[in-house]
Every structure is written in structure tokens, then in C-alpha cells.
Amino acid sequence: MTSAVEQPSTSVEIHNRQGSGPAVLLCEHASSHIPAHYHDLGLAPEHRRSHAVWDIGARAVAVKLSAMLDAPLVASRISRLVYDCNRPPEAESAMPARVEVIDVPGNHRLTAAQRTARVEAVYRPFCDAVTRLLAERAAHRTPTVLITLHSFTPSFHGRVRAVEIGILHDVDRRLADAMLAQAPRLPHRRIERNAPYGPEDGVTHSLKRHGIANGLANVMIEIRNDLLATPEGEEALARELVQLIRPALASLGMAPAAGEGQQDA
């Protein structure tokens, strides 16, 4: 296993490319970075590091899972407000003009050329990196499932969200079902299916494009971001998720990268 980080473009990073575990991890909203030429998209200073800009804590958990599961990780290095890599180019939400109560002036009235430029700068390199990685694993006949990592805000439009871990799926529910079957391992956590979002909210684009289209079992994990407010919280959630993922992989006939009783790296 290697902890090396590749940066095949300025918009994508790859951790542990040669990881031999059965999971491939994606983190589409890993970064709050907005390149200088976008002038912070006109965001108010108090919103510059908000949940609208990135999935708080998601990258940290994804990197830890990459090590624990010996799993390759592909992560975006650009804010979701420049381009949301979990949305197709035709979706308005790929470059949203507003997120909840947060206005994004730099995304108002984008021209077709401006939208295309962002697709080519952010979305295309991310998707190409995932496609190449999956093709390499297929060529080596490496058993593979796809797991995407996200976080969500505890309150949205004034509505409090009680769910702590969401296990999301589209039409392929194999991995989600297997993980939900392990929920009793975490009795202190509120774990729900397709919450706080579901496929009807347009959040399963990556699962469909990179998982379902390739016949791979797949799941999207959402973590409430107040649980990820500290490094200790990020570490704890990563270890808890491993307790769901490893036995779920085993139930699908895929041996985890490390045994149930072994210490994690």
C-alpha cells in the first residue's frame, strides 16, 4: 500500500492509486478551493468556507478510509460551486446560482461558453481520472465496488436533520443493503436509507455514471458535518464506517483489504 498522492491535473488528486482493496472511493466535494480568476465567485466572506462551498470533513474521512481499506481515492481539488462533479453538465445545479440561503453571484447568468469552460476544466478531468482508474482495475480483473463520500449540514432551510449517516443508492441497492444490514454495529448512530437526500434529488449522478454504467455495486455515504468538526471526529467516523463497509464487502463476496480483527493503518 502507498500513501502517495498523484495530481494528474490541477483539478483532481488521486490517493493510493495502486490500492488493492475492493473499494474505489470518490470525493466530489472535497475542496473549498476557488481559483483566483473566479474572484471567490462573489461570495460573502462569511460564506466562503460554508457547506455550500464544499463538503466539510468529507475529504479527511475519505483519505482515512483510503488507508484503512487500501482503496484508491479520486477527489476533486476545486470547489463544488465552480463545478459540482456529482452533477451532469446540463444540470443547473452543476454551477448553482444559489445554495440554500447562500447567493453565488459568480454563477449568475453564465454563458454557454463559460459553462463549457468549467466542464472542461473541472468535470471532464475528474471523470476521466475515474474512468482510467476503473479501466486499469478491470484490466487486472480486480474486484471493485464504488463508494462516494459526502457530508451534509445539520440544518437546511431551517429544518433540523436528525439523521447522522445516510446510506444512499439509486437502482442498484446491493451495497447499500449490505451496509444497512450492519447498522446494528453502530447502535449509537442514527443511520437511514436515502437520507437526507435520495435519487429524486439528483444526487446519484456519480453512482450512475461510474458505478451502474460499469456494473459495479455502489453506494453514496453522507455524514452530518457537525460530527466532523474536529480531527478526532473525522477519525471516529472513518473507523465507524469501516465497521459497516468491511462486513458489507464480505457479504458481497469481496474480501476486505484487512481482516475484521486486524489493526487499521
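Reading the values: rules and limits
- Residues numbered from 1 in each chain as written.
- Predicted model: local features only at pLDDT ≥ 70, side-chain atom pairs only at ≥ 80, totals over all residues.
- Heavy atoms only, no water.
- Helix = DSSP H or I, 4+ residues; strand = E, 2+ residues; numbered from the N terminus.
- Areas by Shrake-Rupley, 256 points an atom, 1.4 Å probe, with all protein chains shown as cover.
- Lys, Arg positive; Asp, Glu negative; His and termini not counted.
- Charge placed at Lys NZ, Arg CZ, Asp CG, Glu CD.
- Salt bridge = Lys/Arg side-chain N within 4 Å of Asp/Glu carboxyl O.
- Core = buried A, V, L, I, M, F, W, Y, C linked by side-chain atoms within 4.5 Å.
- Buried < 20%, exposed > 50% of the residue type's maximum accessible area, 1.4 Å probe, protein only.
- Contact = heavy atoms within 4.5 Å.
- pLDDT = per-residue confidence, 0-100.

Peer 1: Would you explain the overall build of the chain in this entry?
Peer 2: Of the regular secondary structure elements, the chain holds 5 helices and 12 strands. By element, 52% of the accessible surface of the chain is carried by carbon and sulfur atoms, the whole surface being about 11400 Å². Taken together, the 29 basic and 30 acidic charged side chains of the chain have centroids lying 2 Å from each other.

Peer 1: Before we go on, may I ask you to explain the pattern of salt bridges in this structure?
Peer 2: Oppositely charged side chains can pair when the atoms bearing their charge come close. For the structure shown, the criterion picks out 18 salt bridges. Its salt-bridge partner being R17, residue E136 comes within 2.8 Å of it at the nearest N-O pair. Of this pair, E136 sits in helix α2 (residues 112-139) while R17 sits in the loop between β2 (12-15) and β3 (23-27), and the two are 119 residues apart along the sequence. Salt bridges linked by common partners bring E164, R189, R224, D226 and E240 together as one network.

Peer 1: Hey, could you run me through the nonpolar core in this one?
Peer 2: One broad rule of soluble globular proteins: the nonpolar side chains tend to lie buried together. Among the nonpolar cores identified, the biggest contains 41 residues, and L65, I147, I221 and L241 are the most heavily contacted of them. Where this core is concerned, the elements lending two or more residues are β3, α1 (58-68), β4 (73-76), β7 (145-152), β10 (165-168), α3 (174-180), β12 (218-224) and α5 (231-251). No other element matches the 8 residues that α5 contributes to this core. If we skip the residues at most four places from it in the chain, I147 touches A23, V24, L25, L26, L175, V219, I221 and I245. Counting residues in hydrophobic clusters, the runner-up holds 34 residues, among them L43, M95, V122 and L133.

Peer 1: Even after reading the chapter, I still don't get the environment of T148, so can you show me in this structure?
Peer 2: With respect to the helices, strands and loops of the structure, T148 is situated in strand β7. With relative accessibility at 1%, the residue T148 sits in the buried group. It is 8.6 Å that separates the C-alpha atoms of T148 and E222, two residues lying 74 residues apart in sequence. Among residues more than four places away in sequence, those in contact with T148 are L26, E28, S206, L207, V219, M220 and I221.

Peer 1: Explain the environment of H150 here, please?
Peer 2: Looking at the secondary structure, you find H150 in strand β7. Taking the C-alpha atoms as reference points, H150 and E192, separated by 42 residues in sequence, lie 15 Å from one another. If we ignore the near neighbours within four places in the chain, the residues touching H150 are E28, H29, D55, A58, N86, M220, I221, E222 and I223.

Peer 1: Help me understand the confidence of the model for the chain, please; the structure alone is not making it clear to me.
Peer 2: Caution applies to low-pLDDT regions: their predicted coordinates should not be interpreted in detail. Residues of the chain with pLDDT of at least 70 account for 93%, and the chain-wide mean is 93. For residues 257-265, every residue scores under 50 in pLDDT, and the model assigns this stretch 14 contacts once sequence neighbours within four places are set aside.

Peer 1: How should unusual backbone geometry be read in this particular structure?
Peer 2: Comment: phi is negative for the bulk of residues other than glycine, and the bulk of peptide bonds are trans. Note the cis peptide between A195 and P196, where omega equals 0°. Relative to the helices and strands, P196 resides in the loop between β11 (191-193) and α4 (205-211). In this structure, D40 takes a positive phi of about 55° despite not being glycine. With respect to the element layout, D40 can be found in the loop between β3 and α1. When its relative accessible area of 34% is taken as the criterion, D40 is described as partly exposed. Despite not being glycine, E100 shows a phi value in the positive range, around 55°. Here E100 shows up in the loop between β5 (98-99) and β6 (102-103).

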